[in-house]
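Spelled out from the first residue to the last, the chains are:
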Amino acid sequence: MLRQIHSLPGLIAALLVAMLALTGAILSVQPALERFAAPSVVMGTISVAALAEAARAQHAEIDKITKTASGSVVVSYFDNDKAGADLLDPATGRVIGPVAPSATIRFITNLHRSLLLGTAGRVAAGLGALAMVVLTITGAMMLAARMGGWTGLLKPIRGNARQRWHAQAGRLAIVGLLLTALTGCFLSLTSFELIPDGSADPVATASGRGGERASVGSLAALKAIDLADLRELAFPYAADPTDTFRLTTAAGVTQIDAATGEALSFQPHSTARQIYEMIYMLHTGQGLWPLGLLLGLSALAAPIFAVTGAMIWWQRRRSRPRIADNRPASAAGTIILVGSEGNSTWGFARTLHAALTQAGHKVHVAPMNALAPAYPKAVRMLILTATYGDGTAPASASGFLARLDRSALKLPVAVLGFGDRSFPRFCRFAEDVGTALAEKGWPALIEIDRIDRQSAQSFALWGERLGIALGHALALAHVAERPPTTALELVKRVDYGADVQAPTAILTFRLPGAGAGRPLWERLFSASLPPFEAGDLVGILPPGSTVPRYYSLASSAREGIVEICVRKQPGGLCSGFLNDLPLGGRIDGFIKANPAFRPNAKATPLILIGAGAGIAPLMGFLRANRSHREAHLYWGGRSPQSDFLYREDLAICMADGRLTALNAAFSRAPHGGYVQDRLTTDEQHLAALLQRGAQIMVCGGRDMAGGVSQAIDAILAPMGLSTFALKASGLYLEDVY
């Protein structure tokens, strides 16, 4: 719900909010420019009476003298019924020059306040300020949830470039934007008199005695007021002998007899007026020019939000599968909730939805994070969820357990987990969900079940069990949707490991016909690889299969190649296909972003740990290490003669400084060992790196990753740390399989 609240007004109001923010940022510079363009008022230098006397000597008919919030002093006058305004020297009252407001600033001010549309524009601007309040608060709550709580707001931000820019801008600008938006809302409400601003307060009136007026410089009530305290001095109308001087200061309004100089009345500012003036100052920076500049810098984040937010929303919308005839949650009898990281589980949900709909059920499908407080007509819930990483929730279910904990729902439920049995925590999140539901007292429609490697046969069997519980046959004939793929041609392969019974190949692919020998026009207008970074994944569909296999990328899109490292697995459909692929052979593949496994942007050391083909993304990180960040690679193979992957490339990186140190371990070499053994041997050096804030990145098999974790935990223990704590702070990343 929080995401929907944040996204919808964001998309609708993006242009309006961005325009208000940009014009506000321009106007925020004005207080500083005015502050430094005019001489400043110094306390105790001159009285209001003396300044008014000096101004009177230069203009016969003065309307008023005003000290602006920025500190400049302006006299407004009439010269033969022609109005004018001059800037005065606050020390002497001497005219410095005419005041000529900038037409550009007036235009931007009107654009900011009313969109140049009068009352309708003022309403729109007010709604834009309200939208900014909603977006800022919901954005802050989403950021806190993403960072593991409010105390984690300063932690490194993970995600793709769009997500990082969006979150980083929010983190830097949140206070300024919230202050600007809240004060903008207040000013908008006062402009429509929905909140009093004190301008309509009744003012005590008093008439002067009349008679010959005294020199303004001799009036006692003005001689007692320092210029620093002045806001405005309105002169009496020349044709009315009883009219008075009207003196406005920070305290209130005083009427002064023009003949005697006597203070006839004093009315302090109301509380409403004082609040309005404080809010106006906080919003505009008038009188607080450093604050104005800070607010202007914060406002510049709004266009970044608009662009990156729209991109994130569009990417999320594109990646969400369509469910035909999906009923509203309020009208459905069967609720299907989906937890998915790569969207493959959505395909099973679509098949289940179609079968249930065909059987006459009214079915609603939604992400698990969309668990509602109530489903008025629901009689059952079906939960289909994958497990992400090491037993954690996938993206669309990250908030489900928290929502469930707050929920009072209690429906008959069936939980179906999706995973891979080769992982130790197979369907762990589905089991956690099942346990949580049982603890909340949800009755089980059928017992929890698990699907291994997207098995359509297992899914059909689960459908039969579900059908029995529903009282009718339910045939689930699931055919995995083939994802859009790109044909890639193998242009280079380097084979290793045959002598140690671990055939491994480094495979380099290009788009077909993308060689350097093509004519320029063909290179300019031909298809290109989608954007990706080293550490992202390429999904490959082996012949005869609709289920992709994923491999970590050792290259980035800017290199124009797709490079992976593949070890041939016994009976492996895809690894066997790839290891037998000849030069010129083609594959069907697609790119899947893996933003959770990338080096952070800090200058602290990088510790890269891998074994076997797990070196691929680590090699990609080293190639991209053009800043020569301190990088230490710990890698394990079998034999230095047979499977020393990327040996020449690593030597080049060592020579040019992209790799600081290489620590290789070979299990079948004399006095050999495993990579975790090398970590233990290098304990003191690693401890020193970790104390400097080093980031650890691990890629390889799960057994290796487990051994590495134990070795690092032993190093961290004397420091009072653990790999668990480092994972929480983004300093320990794993990409294991």
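Structure: see above.
Residues numbered from 1 in each chain as written. Predicted model: local features only at pLDDT ≥ 70, side-chain atom pairs only at ≥ 80, totals over all residues. Heavy atoms only, no water.

S.K.: Would you mind showing me how to read the pairing of strand β5 (residues 230-234) here?
M.R.: Alignment of strand β1 (residues 61-67) against β5, held across 3 bridges, turns out to be antiparallel. What sits directly across from Thr 66, in β5, is Glu 232. (Pairing = 2+ DSSP bridges. Helix = DSSP H or I, 4+ residues; strand = E, 2+ residues; numbered from the N terminus.)

S.K.: Looking at this structure, how should I read the nonpolar core?
M.R.: In summary, soluble globular proteins display a tendency toward joint burial of nonpolar side chains. If you look at the biggest cluster of nonpolar residues, it comprises 30 residues, and the most contacted ones within it are Leu 608, Leu 622, Leu 633, Trp 635, Tyr 646 and Leu 650. Sorting the residues of this core by element identifies β20 (606-611), α17 (615-623), β21 (631-637), α18 (647-656), β22 (661-666) and β23 (695-700) as the ones contributing at least two each. Among the elements that take part in this core, α17 stands out by supplying 6 residues, more than any other. In this structure, Leu 608 is in contact with Leu 618, Phe 621, Leu 622, His 632, Leu 633, Tyr 634 and Met 697, ignoring residues within four places of it in sequence. Counting 26 residues, the second-largest nonpolar core is a separate cluster that includes Ile 383, Ala 397, Leu 411 and Val 433. (Core = buried A, V, L, I, M, F, W, Y, C linked by side-chain atoms within 4.5 Å. Buried < 20%, exposed > 50% of the residue type's maximum accessible area, 1.4 Å probe, protein only. Contact = heavy atoms within 4.5 Å.)

S.K.: Sorry, what's going on with the environment of Pro 394 here?
M.R.: With respect to the helices and strands, the residue Pro 394 is situated in the loop between β11 (380-386) and α12 (400-406). With 54 residues separating them along the chain, Pro 394 and Ser 340 place their C-alpha atoms 5.4 Å apart. Not counting residues up to four positions away in its chain, the partners in contact with Pro 394 are Gly 339, Ser 340, Glu 341, Thr 385, Ala 386, Tyr 388 and Phe 429.

S.K.: Quick question: what am I supposed to make of the sheet that holds β21 here?
M.R.: Through backbone hydrogen bonds, the strands of a sheet pair up, either in parallel or in antiparallel fashion. A sheet is described by the order of its strands in space; here 5 strands give the open sequence β22-β21-β20-β23-β24, paired in parallel fashion. Among the strands making up the open sheet, the edge pair consists of β22 and β24 (732-736). On average, each strand axis in the sheet is tilted by 10 degrees relative to the strand beside it, whichever way the strands run. Of the strand pairs in this sheet, β23 and β24 are connected by 5 bridges, and their pairing is parallel. Opposite Gly 700, over in β24, you have Val 736 as the bridge partner. Sheet strands touched by α17: β20, β21 and β23. Its angle to β20, the strand with the most contacts, is close to 150 degrees. (Axes fitted to C-alpha atoms, helices over the stretch in contact; angles between N-to-C directions.)

S.K.: Sorry if this is basic, but what is going on with the sheet that holds strand β14 (residues 486-496) here?
M.R.: Spatially, β17-β16-β19-β14-β15-β18 is the arrangement adopted by the 6 strands of the open sheet, whose pairing is antiparallel. The sheet terminates laterally at β17 (549-552) and β18 (562-567), the two strands that pair on one side only. Each neighbouring strand pair of the sheet contributes to a mean axis angle of 40 degrees, computed without reference to strand direction. With 4 bridges joining them, strand β16 (residues 537-540) and strand β19 (residues 586-592) adopt antiparallel strand pairing. Paired with Val 538 across the two strands is Ile 591, which belongs to β19.

S.K.: What is the right way to look at the pattern of salt bridges in this model?
M.R.: Between side chains of opposite charge, pairing is possible as soon as their charged atoms come close. Going through the model one piece at a time under the given rule, you end up with 17 salt bridges. Salt-bridge contacts for Glu 277 lead to Arg 273; the nearest nitrogen and oxygen are separated by 3.5 Å. With Glu 277 and Arg 273 both in helix α8 (residues 271-284) and 4 residues apart, the pair spans about one turn of that helix. Its relative accessible area of 22% is what places Glu 277 among the partly exposed residues. (Salt bridge = Lys/Arg side-chain N within 4 Å of Asp/Glu carboxyl O.)

S.K.: Help me understand helix α20 (residues 683-691) in this model?
M.R.: Owing to its 3.6 residues per turn, the α-helix aligns residues three or four sequence positions apart on the same side. Those residues of α20 not exposed but buried are Leu 686, Ala 687, Leu 689 and Leu 690. Here the buried residues of α20 occupy an arc of 160 degrees about the axis, which is enough to place them on one side. Exposed and oriented more than 90 degrees from the buried face of α20 are Gln 684 and Gln 691. Once α20 finishes, Gly 693 follows within two positions and takes phi at roughly 85 degrees, a positive value. (Arc of directions from axis to C-beta.)

S.K.: What is the right way to read the environment of His 269 from this model?
M.R.: Turning to its location among the elements, His 269 is positioned in the loop between β8 (263-268) and α8. When the C-alpha atoms of His 269 and Ala 593 are compared, they prove to be 60 Å apart, with 324 residues separating the residues in sequence.

S.K.: Any chance you could explain the pairing of strand β6 (residues 245-249) here in plain terms?
M.R.: Residues in a regular strand project their side chains so that they alternate between the two faces of the sheet. Of all 5 residues in β6, 4 are buried, a share of seventy percent or more. Looking at chain direction, β5 and β6 are connected through 4 bridges and run antiparallel. The residue bridging Glu 232 from the neighbouring strand is Thr 248, located in β6. With 4 bridges joining them, β6 and strand β7 (residues 252-256) adopt antiparallel strand pairing. From the neighbouring strand, Arg 246 faces β7, where its bridge partner is Gln 255. Hairpin connection of β6 to β7: 2 residues between the antiparallel strands.

S.K.: What should I look at first to understand the side chain of Thr 254 in this one?
M.R.: Its location among the elements puts Thr 254 in strand β7. Classification of Thr 254 as buried rests on a relative accessible area of 13%. Those residues in contact with Thr 254 that sit more than four places away from it in its chain are Phe 245, Arg 246, Leu 247, Ala 263, Ser 265 and Phe 266.

S.K.: Help me understand the packing of α17 against α18, please; the structure alone is not making it clear to me.
M.R.: Where α17 meets α18, the axes come as close as 11 Å, and the angle between the chain directions of the two elements is 30 degrees. It follows that α17 is roughly parallel to α18 by the angle criterion. Crossing handedness for the pair α17 and α18: left-handed. Counting all contacts with α17, which are made through Ile 615, Met 619, Leu 622 and Arg 623, the residues of α18 involved are Asp 649, Leu 650 and Cys 653. By residue class, the composition of the contact of α17 with α18 is 5 nonpolar, no polar and 2 charged. (Parallel < 35°, antiparallel > 145°, perpendicular 65-115°, else oblique. Left-handed = near helix turned anticlockwise from the far one by under 90°. Nonpolar A, V, L, I, M, F, W, Y, C, P; charged D, E, K, R; others polar.)

S.K.: Hey, could you run me through the packing of aromatic side chains in this one?
M.R.: Ring pairs (aromatic) are described by centroid distance and by the angle formed between their planes. Tallied over the entire structure, the rule returns 11 aromatic pairs. With a centroid separation of 4.7 Å and 50 degrees between ring planes, the pair formed by Phe 348 and Phe 418 is classed as tilted. You can see Phe 348 sitting in helix α11 (residues 344-358) and its partner Phe 418 sitting in strand β12 (residues 413-419), a full 70 residues away along the chain. A residue is classified by how much of its surface remains accessible, and Phe 348, at 1% relative accessible area, is buried. Given the relative accessible area of 5%, Phe 418 is considered buried. Taking the centre distance of 5.2 Å and the plane angle of 65 degrees together, the rings of Phe 644 and Phe 666 count as edge-to-face. Taken as a pair, Phe 644 in the loop between β21 and α18 and Phe 666 in strand β22 lie far apart in primary sequence, 22 residues in all. Each member of the pair Phe 644 and Phe 666 is classed as buried. Taken together, the aromatic side chains of Phe 348, Phe 418, Phe 459 and Trp 462 make up a single cluster linked through ring pairs. Its end group placed over the ring of Phe 192, Arg 122 keeps NZ or CZ at 4.7 Å from the ring centre. (Phe/Tyr/Trp six-rings, centres within 6.5 Å; stacked < 30°, edge-to-face > 60°. Lys NZ or Arg CZ within 6 Å of the ring centre and 35° of its normal.)

S.K.: In this structure, what is going on with a nonpolar patch on the surface? I would like to understand it.
M.R.: A cluster of nonpolar residues, Leu 22, Leu 294, Leu 297 and Leu 300, forms a patch on the protein surface that exposes about 380 Å² of accessible area. For Leu 22, the location among the structural elements is in helix α1 (residues 2-27). (Patch = residues over 30% accessible without salt bridge, like charges linked within 9 Å, V, L, I, M, F, W, Y side chains within 5 Å. Areas by Shrake-Rupley, 256 points an atom, 1.4 Å probe, with all protein chains shown as cover.)

S.K.: How do you make sense of unusual backbone geometry when you look at a structure like this?
M.R.: For residues other than glycine, phi is negative in most cases, and the peptide bonds are mostly trans. Residue Leu 116 is not a glycine yet carries a positive backbone phi of 65 degrees. Examined against the element boundaries, Leu 116 turns out to sit in the loop between α4 (103-114) and α5 (118-146). If you check the backbone angles, Cys 427 has positive phi at about 55 degrees while not being a glycine. Mapping Cys 427 onto the fold places it in the loop between β12 and α13 (428-439). Here Cys 427 falls in the buried class, since its relative accessible area comes to 2%.

Everything listed is a geometric property; what it means functionally is a separate question.
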